[in-house]
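Structure assessment
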Amino acid sequence: MSKILIRGAKVLGGAPQDVLIDGETIAEVGSGLSAEGAEVVEADGKVLLPGLVDLHTHLREPGREDSETVLTGTRAAASGGYTAVFAMANTFPVADTAGVVEQVWRLGREHGYCDVHPIGAVTVGLEGRKLAELGAMHESAAGVTVFSDDGKCVDDAVIMRRALEYVKAFGGVVAQHAQEPRLTEGAQMNEGVVSAELGLGGWPAVAEESIIARDVLLADHVGSRVHICHLSTAGSVEIVRWAKSRGIDVTAEVTPHHLLLTDELVRTYNPVYKVNPPLRTERDVLALREALADGTIDIVATDHAPHPHEDKDCEWAAAAMGMVGLETALSVVQETMVDTGLLDWAGVADRMSVKPARIGQATGHGRPVSAGEPANLTLVDTEYRGRVDPAGFASRSRNTPYEGRELPGRVTHTWLRGKATLVDGKLT
Amino acid sequence: MQRHLISAADLTRDDAVLILDTAEEMARVADRPIKKLPTLRGRTIVNLFFEDSTRTRISFEAAEKRLSADVINFTAKGSSVSKGESLKDTAQTLEAMGVDAVVIRHGASGAPYRLANSGWIDAAVINAGDGTHQHPTQALLDAFTMRRRLIGRDAGIGQDLSGKRITIVGDVLHSRVARSNVDLLHTLGAEVTLVAPPTLVPVGVESWPCAVSYDLDSTLPKCDAVMMLRVQRERMNAAFFPTEREYARRYGLDGDRMAKLPEHAVVMHPGPMVRGMEITAEVADSDRCTAVEQVANGVSIRMAVLYLLLGGNEPAVTHTRTEEK
Ligand SMILES: [Zn+2]
């Protein structure tokens, strides 16, 4: 069994300690641990976190392997410090059967860069009409616990109610992409001052908020658990805060880009800023940061959405929606939450590892950094400053909104069950 | 002046007045027996129309030909937004052909901006209408028409529209003409009021440099020009207003309403006019209505814009008079 000694790392941002990995587990945490028989990683000044968990990733395989594959996507995840990702169901074919989710799960295991937990579709073909075989997907080797029609909203109130009720049988959760479809017909960007000026179809905040309001009420009524994907408006925060205060079992995620970027960027008409839900206003961004800090928003999820160059190198209206995010997420969270004093590193571990693992029931991830736990770990050089260069991305697609932008922090090492997937910033 | 004309908002007051003044010079060419200047001889201009608009294309084409440019018409109707690559591909083809300017009409807001700023092409880009965003030469020709009617052809030279009160009526939400006019008229010192049912005013309009009213009757007595916008019939099915009749009753311009305007005030329409709903025949055919002049002025304005973007520094008309001898 191989031993690794991580020397002098600030565990969860605290005082420097040594962490000894033996095989797949953490053997010991303490100071002055013996390096005998162990490979030593000098981690002086770096922050050690439990491996990050992304509850919202698009891996595109099967069907759009030109954008991303399970291999390239999990390599991107490892580069970004992730040890587990949840792969969204909107592939071709849609992940709405046990067969498709098992295939995705197995590819993740074979490649070994990151655990891949497939998300099952709520409805057949994401069409919103007929429930997919949720139970079969749960019982498959993939053990699906999270279900989502992401990309589309489960807008039929009855289907949503049934899905929420049905997954209670095996402790599943429905992750809702909250977008009232009629209110967002022809939507191209956030509806407001900028859309009025640019003449681009508006995506009003109320289209998100009205669905969230409905779904928390449904979850309350049937006594189930609902998760809100990529919450993006100040109003959504208020609704989730209210629901939590009532004891409704709701969790919510925010993406890194919604913590940093605003719809002012759309003035460039550069489709790299085209994303769904759209970039909102400064006021929304600040409300999202506050809500993530106070726990109203539970987690950060990337909504990593790879697209090939030609789907973005065109006019705005014709461009695909989405941004890649796995490799820059932690840096954006450091800039928006840590460097602003809103969250400490223990808080980051909670929002990017512990809670997402708990929501998705990824046992073995999001665990404390202590003896006997699985060695899923991420080492971060938080002092690093550098410009984002997509040429170095492991993701097959390069549609990042941060090209050329200076962001803090860099993941140097990632270990998945004691096996290094990233060493000194390079994939193994 | 900037190298491209993408938005009326990009024009300074001095740029705009220069264009209007230059257009007056160009208009004199139209009064001559030979309506042609050699100014853009040897230059190639492409009219790249992804969206049908015979009126606008012909206006640009006439302007280009009067300036002796080589003109290529490229109509790519139907291929635009569904296949995203087409704009870039087309741009690069034109670039390879050594085109000097591209006049682009596109159904997607921002397409001309992308064309000018993506490094796909080196030519000057002139926006001939993009989605629901901008149509700057339309705003310029409207301003030109207003300056002539409200100040005078010669008296207007060098003047802006300070103090003039302009009311724009109709489907502001979907109107690039309204957006361009609000920007340009504000730059030229006019006071603009938008009048429409609340469903046809964009969320976010409060940041625009204009007033908004839902009541046409109360604004009419205080305006120097009222500009009627086109209302497409399909808006009715999308519940922007209950019925055509109700729209016409509340926001249509008929003889009774026209009588509420001050004596000197003009009625404008970017055309084509839908008679009956937005404007009655009685109003459309009165001498108050400038719709026909607007068409003629469109050519002068487009000549001025092309000349100023492409023609260099010498005065357009005096320079050519010597050549005519
Ligand atoms: Zn989504």
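Keep in mind it's a predicted model, so treat the numbers as computed, not measured.

Quick notes on the overall build of chain A
A count of helical and extended segments in chain A gives 11 helices and 19 strands. Overall, the C-alpha framework of chain A stretches about 65 × 45 × 45 Å when taken along its three principal axes. Expressed as a percentage of the 428 residues in chain A, the buried residues total 63%. Intrachain contacts of chain A at a sequence separation of at least 6 include 74% that bridge at least 24 residues. Entry remark: accessible area of chain A is about 14,900 Å², with carbon and sulfur atoms responsible for 48%. Side chains of chain A give 40 positive and 60 negative charges; the mean places of these two sets differ by 2 Å.

Here's the deal with the UniProt feature "active site" (unreviewed entry) in chain A
All names here are of chain A. Those residues carrying the UniProt feature "active site" (unreviewed entry) are Asp303 in this numbering. Assignment of secondary structure puts Asp303 in the loop between strand 15 (299-300) and helix 10 (329-338). For Asp303, a relative accessible area of 7% puts it in the buried group. In contact with Asp303, not counting residues within four places along its chain, are Asp54, His56, His58, Asp150, His230, Thr255, Asn276 and Met323.

As for the UniProt feature "binding site: L-aspartate" (unreviewed entry) in chain B
All names here are of chain B. According to UniProt, the feature "binding site: L-aspartate" (unreviewed entry) maps to Lys83, Arg176 and Arg230 in the numbering used here. Along the polypeptide, Arg230 turns up in the loop between strand 8 (225-228) and helix 8 (234-237). Classification of Arg230 by relative accessible area gives partly exposed; the value is 36%. Once you skip the residues sitting within four places of it in the chain, Arg230 turns out to touch Asp171, His269, Gly271, Pro272, Val274 and Glu278.

A word on the coordination of the zinc ion
Tetrahedral coordination by four donors sets the ideal angle at the metal to 109.5 degrees; octahedral coordination by six donors sets it to 90 or 180 degrees. All names here are of chain A. Surrounding the zinc ion are the protein donor atoms Asp150 (OD), His177 (ND1) and His230 (NE2), at 1.8 to 2.3 Å. Going along the chain, you hit the donors of the zinc ion in the pattern D-x26-H-x52-H. Of this pair, Asp150 sits in the loop between strand 9 (146-147) and helix 4 (157-166) while His230 sits in the loop between strand 13 (226-228) and helix 7 (234-245), placing them 80 residues apart in sequence. Neither residue differs from the other here; Asp150 and His230 are each classed as buried.

Regarding the UniProt feature "binding site: Zn(2+) 1" (unreviewed entry) in chain A
Residue and element names in this part refer to chain A. Listed under "binding site: Zn(2+) 1" (unreviewed entry) in the UniProt record, and renumbered for this structure, are His56, His58, Asp150 and Asp303. Judged by maximum C-alpha separation, these annotated positions cover 248 residues in sequence but sit close together in space, the widest gap being only 9.8 Å. Topologically, His56 is positioned in strand 6 (residues 52-57). We classify His56 as buried; its relative accessible area is 0%. Among all residues touching His56, those that are not within four sequence positions of it are Phe86, Met88, Asp150, Cys229, His230, Glu253, Ala301, Thr302, Asp303 and His304. One polar contact links Asp303 to His58, side chain to side chain, over a distance of 3.1 Å.

Description of the packing of helix 5 (residues 136-150) of chain B against helix 6 (residues 176-187) of chain B
Helix packing geometry: the angle between the two helix axes and the distance between the axes. Residue and element names in this part refer to chain B. Closest axis-to-axis distance for the helix 5/helix 6 pair is 8 Å, and the angle between their directions is 55°. The pairing of helix 5 with helix 6 is recorded here as oblique in orientation. Helix-helix and strand crossings are classified by hand; for helix 5 and helix 6 the assignment is right-handed. In this structure, helix 5 contributes Pro136, Gln138, Ala139, Leu140, Asp142, Ala143 and Met146 to the contact, and helix 6 contributes Val177, Ser180, Asn181, Leu184 and Leu185. Split into classes, the residues belonging to the contact of helix 5 with helix 6 amount to 8 nonpolar, 3 polar and 1 charged.

Thresholds, definitions, all that
- Residues numbered from 1 in each chain as written.
- Chains lettered and ligands numbered in written order.
- Predicted model: local features only at pLDDT ≥ 70, side-chain atom pairs only at ≥ 80, totals over all residues.
- Heavy atoms only, no water.
- Helix = DSSP H or I, 4+ residues; strand = E, 2+ residues; numbered from the N terminus.
- Buried < 20%, exposed > 50% of the residue type's maximum accessible area, 1.4 Å probe, protein only.
- Contact = heavy atoms within 4.5 Å.
- Areas by Shrake-Rupley, 256 points an atom, 1.4 Å probe, with all protein chains shown as cover.
- Lys, Arg positive; Asp, Glu negative; His and termini not counted.
- Charge placed at Lys NZ, Arg CZ, Asp CG, Glu CD.
- UniProt positions renumbered as here; feature names shortened; annotations may be inferred.
- Donors = N, O, S within 2.8 Å, 3.2 Å for Na, K, Ca; no water.
- Polar contact = N/O pair within 3.5 Å; in protein donor to acceptor, adjacent residues only side chain to side chain.
- Axes fitted to C-alpha atoms, helices over the stretch in contact; angles between N-to-C directions.
- Parallel < 35°, antiparallel > 145°, perpendicular 65-115°, else oblique.
- Left-handed = near helix turned anticlockwise from the far one by under 90°.
- Nonpolar A, V, L, I, M, F, W, Y, C, P; charged D, E, K, R; others polar.

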